[in-house]
There are 2 protein chains.
Amino acid sequence: MRVLGVDPGLTRCGVGVVDIDARRRASLVAVTVIRTEPGLPLEQRLLAIGTELAELLDAHRPQVVALERVFAQHNLRTVMGTAQASGVVLQAAAARGLSVALHTPTEVKAAVTGHGGADKKQVTAMVQRILRLDAAPKPADAADALALAICHGWRGSPGSVSDGGARSVPEQPSTPAQEAWRAAEKAAAARRLDR
Amino acid sequence: MRVLGVDPGLTRCGVGVVDIDARRRASLVAVTVIRTEPGLPLEQRLLAIGTELAELLDAHRPQVVALERVFAQHNLRTVMGTAQASGVVLQAAAARGLSVALHTPTEVKAAVTGHGGADKKQVTAMVQRILRLDAAPKPADAADALALAICHGWRGSPGSVSDGGARSVPEQPSTPAQEAWRAAEKAAAARRLDR
């Protein structure tokens, strides 16, 4: 399954494309950050995001789009721009017959690192490990977009997004990330014992 | 000047097109409400709004789009959908080379009725009077979209929308609505004296 993940934003909109094979092994296809100038009129910024995203969808042909669910409670100053960018992303996907799955930041962190309270550094480190990258994906928006794509590929859709609200996701067995995380911790403990 | 006003929303998105002549006389060109089913996936609802709005822009060829400025502070439950619909509207306008002016509800009410605290009934009544309509425009979303278009035609743009924040608009001389309102009040007072 090919998933295109989007971490929406007006100034920086992260986009990451990941393939997940039948054995849940994730591979990097593409990653980029769409940037728009804060000085541009809002409508031109959204058009630029829509145009670049359409090109990425047409170039990489994902089967599904995974988008971060935006909450009005957080970051009041930037949330409207983030929601407007999300609207443009949702429309671009639907125009190509693609469905969009919304995942909360907590769901994404839990899927990728094994705990929902992970910080940005841990998410970035796990994305690098999961995708077997030589360097950490930067900036954070790029890592978050990849984490979203991986999360969706591993967890699947939490269901239709039409309700617009949070919904509980049933407990699932350990993800490859959780297993990798545990293996890494075990290896680190073993190294400490060696010293 | 031809202005297309949009009162954004997922379930009901009001669209009103108004011509304003050199003497600031406003005339109705078209009014409609784009509706989408709450049961549809979010991405399909936004695509439907974008598609219908594009058709209206192409059919009526306004010179500018006036859009209600959405605040994150209000209506937390629906604000994200409203902002996403706004994003789609902004992009559709920019794709046609049109600029978008954002006006707050208070600015719109003040321009159309003469006072920023007017209720929906007063706004609808003044829109009907200003456009010389036989019946009141319904539903409220349709009246609000027409009021936005009239507001923009009379007040002009409060400036670039790129700052994303509220900005003060200099005091202006009486609008035709304010004059009409005063004339109506005077007439009503005269009628009361006649009795």
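Structure first, text after, so check above.
Everything quoted here is computed from the prediction, not taken from an experiment.

Another point: the sheet that holds strand β4 (residues 64-68) of chain A. Residues and elements named next belong to chain A. One open sheet accounts for 5 strands, arranged β3-β2-β1-β4-β5; its pairing is mixed. Looking at which strands have only one partner, the edges of the open sheet turn out to be β3 (26-35) and β5 (100-103). Between one strand axis and the next, the sheet turns by 20° as a mean value, whatever way the strands run. Across 4 bridges, β4 lies against β5 in parallel orientation. Bridge pairing in β5 links Glu-68 to His-103.

When chain B is brought onto chain A, the operation consists of a screw motion whose angular component is 180° and whose axial shift is 0.0 Å, with 0.0 Å RMSD remaining. Such a combination of turn and shift is consistent with a two-fold rotation axis. Every residue of chain B has its C-alpha some distance from the rotation axis, and the shortest such distance is that of Gln-84 of chain B, at 2.3 Å. Residue by residue, 100% of the interface of chain B is reproduced at the interface of chain A, so both copies engage with the same surface.

What follows covers the nonpolar core. Ranked by internal contacts, the top residues of the largest apolar core, which has 50 residues, are Leu-4, Leu-53 and Val-65 of chain A together with Leu-4, Leu-53 and Val-65 of chain B. When near neighbours in sequence (up to four residues on either side) are disregarded, Leu-4 of chain A contacts Val-15, Gly-16, Val-17, Leu-53, Leu-56, Leu-57, Pro-62, Val-64, Val-65 and Ala-66 of chain A. Core analysis: the next-biggest nonpolar cluster, separate from the first, contains 23 residues, Val-3, Val-112, Val-123 and Ile-130 of chain B among them.

The figure often quoted for interface size is the accessible area lost as the parts come together. Facing 33 residues of chain B, the contacting portion of chain A comprises 33 residues. Of the roughly 2400 Å² buried at the junction of chain B and chain A (both faces included), carbon and sulfur atoms supply 72%. The tally of links between chain B and chain A comes to 0 salt bridges. Elements that contribute at least two residues to the side of chain B that touches chain A include exactly α1 (42-60), α2 (76-94) and β5 (100-103) of chain B. Considering every element that reaches the side of chain B that touches chain A, the biggest residue donor is α2 of chain B, with 11 residues. Residues that form the side of chain B that touches chain A fall into these classes: 21 nonpolar, 11 polar and 1 charged.

How each quantity is defined
- Residues numbered from 1 in each chain as written.
- Chains lettered and ligands numbered in written order.
- Predicted model: local features only at pLDDT ≥ 70, side-chain atom pairs only at ≥ 80, totals over all residues.
- Heavy atoms only, no water.
- Pairing = 2+ DSSP bridges.
- Helix = DSSP H or I, 4+ residues; strand = E, 2+ residues; numbered from the N terminus.
- Axes fitted to C-alpha atoms, helices over the stretch in contact; angles between N-to-C directions.
- Least-squares fit on C-alpha atoms with pLDDT ≥ 70 in both.
- Contact = heavy atoms within 4.5 Å.
- Core = buried A, V, L, I, M, F, W, Y, C linked by side-chain atoms within 4.5 Å.
- Buried < 20%, exposed > 50% of the residue type's maximum accessible area, 1.4 Å probe, protein only.
- Buried area = accessible area lost by both parts, 1.4 Å probe.
- Salt bridge = Lys/Arg side-chain N within 4 Å of Asp/Glu carboxyl O.
- Nonpolar A, V, L, I, M, F, W, Y, C, P; charged D, E, K, R; others polar.

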